[in-house]
Amino acid sequence: MRGQHILGLEHMSVADIERVLNTADEMKKVTKQDIKKLSTLRGKAIVNVFFENSTRTRSSFELAGKYLGADVINIAASTSSVAKGESLRDTLLTVQAMGVDAIVMRHSAEGAAQYATRYVKAVVINAGDGAHEHPTQGLLDLLTIRQHHGSIAGKKVAIVGDILHSRVARSNIWGLLKMGAEVHLGGPKTLIPKEMLDMGVTIHHRVEDAIADADVVNVLRIQLERQKKGLFPTPREYARIFGINDERLKLAKENVLVMHPGPMNRGLEISPDVAYGRFSAIEEQVNNGVAVRMAVLSLTLADGVQA
Amino acid sequence: MAQWLIKNGHLIDPANGLDDVLDIRIANGKVAAVGKSLSAEANDEVIDASGLVVSPGFIDIHCHLREPGQEAKEDLLTGTASAAAGGFTTILTMANTRPVIDQAIIVAGMKHKIQTDAVVRVEITGAVTKGLEGKELSEIGDMAQAGARAFSDDGYYVNDGRLMRAALEYASMFNLPVISHSEDCCLVADGVMHEGCVSAKLGLKGRPAEAENIAVSREIMLAEMTGGHVHIAHVSSKGAVDLIREAKAKGIKVTAEVTPHHLCLVDKTIESFDSAFKVNPPLRTNEHIVALIEGLKDGTLDAIATDHAPHAYEEKDCEFNEAPCGFAGFETAFSVLHSCLVQTGQWNLQALIHKMTAGPAAAFDWKDRGHLSVGGLADLVLIDPKKEWVVDPHAMLTRGKSCPFTGMEMVGQVVRTMVDGKWVYQDGKIIRN
Ligand SMILES: [Zn+2]
């Protein structure tokens, strides 16, 4: 995978996904060690360019790079620089001129990471482009499921919430389907495009049907501004009809895994008893996030691990 | 003044029902004769058009020349040069310039500038509302008297139904059409591409076909109510074709145009996030294309129009969401349709030429254009139907170097264009007199 851009899971092969997950298993051991530093990426420079705030994803990439021995810098580029006349291209050319080996990029525009590949020679890693994809989140979710259930193939995974605006949902859908899972989407009609059927998923508007007998329930964040745009009437109604609580979770399989990409609106899309309950893998996801990002960086920048 | 005898060309003049190897003589800026084996007169310069198609000059009833105000994108010189290279001898320019063409004095100023700068005939559209703001009617009558040939807020739907009603009533007193960019603004919201499987997958916000259908439906009802002539710009949806077909059958005064890109490109091209494919209304799916071709064949759609909307390459080179809509269209229009529809056997050359000549002329009742009648204007093109070429925007005469057909292999190209009895374009070059 050396030199390969990581733009999304739609076009990533099953073999590459497996390589990332296997490498991440190894990396996870490293993150549990006392001394976490490897020399795999010594002498490599990685820049995190975040046009949108995300402490979680940015620090996860930053730690991953540092554990691998790379030099990591962060650029907090505001999207409003566009208004000041500085275009995305200008920012990319500046980064390119610094001669870095990888650009980890978060941007509110769909396709921004792909656009970046036109201007930079470095490996581009998409850390979220609008509502399109968030491939490392998809991979860490796959890793979490695999660790918990032993395999992904044949499992029923319910993704519930705001699918329409979610890059996490899209990366999850592609990754899960490739690995042989059954994907069920649940949520209000206004937040699930019906054309997603074309991707190979099943759609439910009774959230109970989505999570019935599920091995995994992946709950997505609801943004309150969607309510102002008329996509659902009130947060109260959303929580009552679509929120994942203990009662509803009983419909799922006994050893169900509950995931959430964070940050959560507790009491809205997920109740606190579920978020902190015994089925919750939310903390594990964060831990796996670092391992997956270490795997992706080492595979694309150094062809694997040399500890 | 030079006289020309164009011999042995395959003359296709749908308005006069001609489709044969014929000679044509041009004298004094007029068609002097059309017939078999015409013999040269003393002052004739003879052109052998064997293997070429001779057609009336194309008429484009929808384009953006960007002058006044945005000459960096295009101006009358480059815009009309590009039109001539595409075989257009008459073009109708839209009002969304800076300033907006919403007063007679701006129409007059444009007419003056056209005389000095343009190499093809340029007709002017005035705005329906002041500043294209959709709030107050602009001085439609005054502009009509200054020579505006149609009215449109193209780029924007006139959201206020009462205003659109008034525009249709008012323009009908001057026998001029109101051109509607039909898309319901609320349904479109901040959509950037066709709403469907591809937008669902990419996460880009969609513009549903229903937004167009709903808007077209209102325009048809208002045309029926007012007796005014509404022309639907760049029809892109199956639903709109069906509505227009029904309305025409009822005798409602509605005409419509379709662009080459809506006939030949689908939303799937946007999977590359290439902003060259960003346009309004958006590229849709094959299902819609089939309906558009059907609409052309049965006369529901009257004309092909380019919606030539040049932007500097730089401006389109950004995130898909941020990129402006539209692209250059003059120089690819004929070749794209010839390659995609005629060469593949889906359509025939005579019908294509009809929709680029007599069709648009009839839609707007421009009786002196779109035909090669003896005594009529000598506006014509020579087409090499076998010429193979590859679209390279840098070789185009327009300043708008963004083009969705870049790199596509074409068969057939306009090789010469004559306006008013004078050659204005030949083999890649403009001839200014
Ligand atoms: Zn328009």
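Residues numbered from 1 in each chain as written. Chains lettered and ligands numbered in written order. Predicted model: local features only at pLDDT ≥ 70, side-chain atom pairs only at ≥ 80, totals over all residues. Heavy atoms only, no water.

- In the annotation of an unreviewed UniProt entry, the entry for chain B reads Dihydroorotase, and the organism field reads Limnobaculum zhutongyuii.
- The UniProt entry for chain B carries the following text under Sequence similarities (unreviewed entry): "Belongs to the metallo-dependent hydrolases superfamily. DHOase family. Class I DHOase subfamily."
- Per its UniProt entry, chain B bears the Function (unreviewed entry) comment "Catalyzes the reversible cyclization of carbamoyl aspartate to dihydroorotate." (UniProt positions renumbered as here; feature names shortened; annotations may be inferred.)

- The name given to chain A in an unreviewed UniProt entry is Aspartate carbamoyltransferase, with the source organism recorded as Limnobaculum xujianqingii.
- Looking at chain A in UniProt, the text filed under Function (unreviewed entry) is "Catalyzes the condensation of carbamoyl phosphate and aspartate to form carbamoyl aspartate and inorganic phosphate, the committed step in the de novo pyrimidine nucleotide biosynthesis pathway."

1. Some details on the overall build of chain A
Working step 1: Assigned secondary structure in chain A consists of twelve helices and nine strands.
Working step 2: A compact globule built from 307 residues should have a C-alpha radius of gyration of about 19 Å, and chain A, at 19 Å, falls within 12% of that.
Working step 3: In chain A, which comprises 307 residues, the share counted as buried stands at 58%.
Working step 4: Looking at chain A alone, contacts between residues at least 24 apart form 74% of all its contacts between residues at least 6 apart.
Working step 5: Within the structure as shown, chain A displays about 12400 Å² of accessible surface, and the carbon and sulfur contribution to it stands at 50%.
Working step 6: Within chain A, one finds 38 positive and 34 negative side-chain charges whose respective centroids are separated by 3 Å. (Helix = DSSP H or I, 4+ residues; strand = E, 2+ residues; numbered from the N terminus. Rg over C-alpha atoms; globule rule 2.2 N^0.38 Å. Buried < 20%, exposed > 50% of the residue type's maximum accessible area, 1.4 Å probe, protein only. Contact = heavy atoms within 4.5 Å. Areas by Shrake-Rupley, 256 points an atom, 1.4 Å probe, with all protein chains shown as cover. Lys, Arg positive; Asp, Glu negative; His and termini not counted. Charge placed at Lys NZ, Arg CZ, Asp CG, Glu CD.)

2. Section: the UniProt feature "binding site: L-aspartate" (unreviewed entry) in chain A
Residues and elements named next belong to chain A.
Working step 1: Annotation from UniProt places "binding site: L-aspartate" (unreviewed entry) at Lys 84, Arg 167 and Arg 221.
Working step 2: Tracing the backbone through its elements, the reader meets Arg 167 in helix 6 (residues 167–178).
Working step 3: Residue classification places Arg 167 among the buried residues on the basis of a relative accessible area of 15%.
Working step 4: When residues no more than four places from it in sequence are discounted, the contact partners of Arg 167 are Glu 52, Arg 106, His 107, Gly 128, Asp 129, Gly 130, Ala 131, His 132, Glu 133 and His 134.
Working step 5: When neighbours within four sequence positions are excluded, Arg 221 is seen to be in contact with Asp 162, His 260, Pro 263, Met 264, Asn 265 and Glu 269.
Working step 6: Among the polar contacts made by the side chain of Arg 221, one reaches the main-chain carbonyl oxygen of Pro 263 at a distance of 2.9 Å. (Polar contact = N/O pair within 3.5 Å; in protein donor to acceptor, adjacent residues only side chain to side chain.)

3. Considering the sheet that holds strand 14 (residues 254–258) of chain B
Residue and element names in this part refer to chain B.
Working step 1: Spatial strand order, 6-7-8-9-10-13-14-15: eight strands in an open sheet with parallel pairing. Each edge of the open sheet is held by one strand with a lone partner, namely strand 6 (58–63) and strand 15 (303–304).
Working step 2: Of the pairings in the sheet, the one linking strand 13 (residues 230–232) to strand 14 comprises three bridges and is parallel in character. The residue of strand 14 that forms the bridge with His 231 is Thr 255. (Pairing = 2+ DSSP bridges.)

4. Digging into the state of the cysteines
Each disulfide consists of a covalent bond between the sulfur atoms of two cysteine residues.
Working step 1: Inspection of every chain in the model, using the stated rule, returns zero disulfides over all chains.
Working step 2: With no disulfide of its own, B:Cys186 lies closest to B:Cys185 among cysteine sulfurs, the gap being 6.5 Å. (Disulfide = S-S within 2.5 Å.)

5. Notes on the confidence of the model for chain B
Working step 1: Mean pLDDT over chain B works out to 96, with 100% of the residues at or above the 70 mark.
Working step 2: Across the interface, the model reports ipTM at 0.92; the global pTM reads 0.94. (pLDDT = per-residue confidence, 0-100.)

6. Focus: the layout of surface pockets
All names here are of chain B.
Working step 1: Approximately 690 Å³ is the volume attributed to the second largest pocket.
Working step 2: Lining the second largest pocket are 29 residues, and of these Asn 96, Asp 154, Gly 155, Tyr 156 and Asn 280 lie nearest its centre.
Working step 3: When the residues that make up the lining of the second largest pocket are grouped by side-chain class, the tally is eleven nonpolar, twelve polar and six charged. (1 Å grid on protein atoms, 1.4 Å probe; cavity = no way out; pocket = protein on both sides within 12 Å on 5 of 7 lines; lining within 4 Å. Points joined across faces, edges and corners; volume = space filled by probe spheres on them. Nonpolar A, V, L, I, M, F, W, Y, C, P; charged D, E, K, R; others polar.)

7. As for helix 12 (residues 282–302) of chain A
Working step 1: Given a rise of 1.5 Å per residue, 21 residues ought to cover 30 Å, and the 30 Å separating the end C-alpha atoms of helix 12 of chain A matches this to within 8%.
Working step 2: Two residues or fewer after helix 12 of chain A comes A:Asp303, characterised by a positive phi angle close to 65°. (Expected span 1.5 Å × (residues − 1).)

8. Thoughts on the environment of A:Ala15
All names here are of chain A.
Working step 1: With respect to the secondary-structure elements, Ala 15 resides in helix 1 (residues 14–32).
Working step 2: Residue class for Ala 15 comes out partly exposed when judged on its relative accessible area of 48%.
Working step 3: Note: C-alpha distance between Ala 15 and Leu 142 (127 residues apart in sequence) is 14 Å.

9. A word on the UniProt feature "domain: Amidohydrolase" (unreviewed entry) in chain B
Working step 1: Summarizing the sequence annotation, UniProt attributes the feature "domain: Amidohydrolase" (unreviewed entry) to residues 348–425 of chain B in the numbering used throughout.
Working step 2: Taken end to end, residues 348–425 of chain B is 18% helix and 33% strand, and its two terminal C-alpha atoms sit 25 Å from one another.

10. Things to note about the coordination of the zinc ion
For a metal bound by four donors in a tetrahedral arrangement, the ideal donor-metal-donor angle is 109.5 degrees, while six donors in an octahedral arrangement ideally sit at 90 or 180 degrees.
Residues and elements named next belong to chain B.
Working step 1: The protein atoms that coordinate the zinc ion are Asp 154 (OD), His 181 (ND1) and His 234 (NE2), at distances of 1.9 to 2.2 Å.
Working step 2: Mapped onto the sequence, the donors of the zinc ion take the spacing D-x26-H-x52-H. Within this pair, whereas Asp 154 is found in the loop between strand 9 (150–152) and helix 4 (161–172), its partner His 181 is found in the loop between strand 10 (178–180) and helix 5 (185–188), the two being separated by 27 residues in sequence.
Working step 3: Using a relative accessible area of 4% as the deciding quantity, one classes Asp 154 as buried.
Working step 4: Judged by its relative accessible area of 5%, His 181 is buried. (Donors = N, O, S within 2.8 Å, 3.2 Å for Na, K, Ca; no water.)

11. Re the sheet that holds strand 8 (residues 216–219) of chain A
Residue and element names in this part refer to chain A.
Working step 1: Judged by pairing direction, the sheet is parallel, and its five strands sit side by side in the order 7-6-5-8-9 without closing on themselves. The strands lining the two open edges of the sheet, one partner per strand, are strand 7 (202–204) and strand 9 (257–259). Here the average twist between neighbouring strands, direction ignored, is 20°.
Working step 2: With four bridges joining them, strand 5 (residues 156–160) and strand 8 adopt parallel strand pairing. What sits directly across from Val 157, in strand 8, is Val 216.
Working step 3: Packing against the sheet, helix 6 makes contact with strand 5, strand 6 (182–186) and strand 8, and its axis sits at approximately 170° to strand 5. (Axes fitted to C-alpha atoms, helices over the stretch in contact; angles between N-to-C directions.)

12. Things to note about the environment of B:Val424
Residue and element names in this part refer to chain B.
Working step 1: Of note, Val 424 is situated in strand 18 (residues 422–426).
Working step 2: On the accessibility criterion, Val 424 (4% relative accessible area) is buried.
Working step 3: Along the chain, Val 424 and Ala 84 lie 340 residues apart, while their C-alpha atoms are 6.9 Å from each other.
Working step 4: Here Val 424 is in contact with Ala 84, Val 119, Thr 417, Met 418, Val 419, Lys 429, Ile 430 and Ile 431, once residues within four sequence places are set aside.

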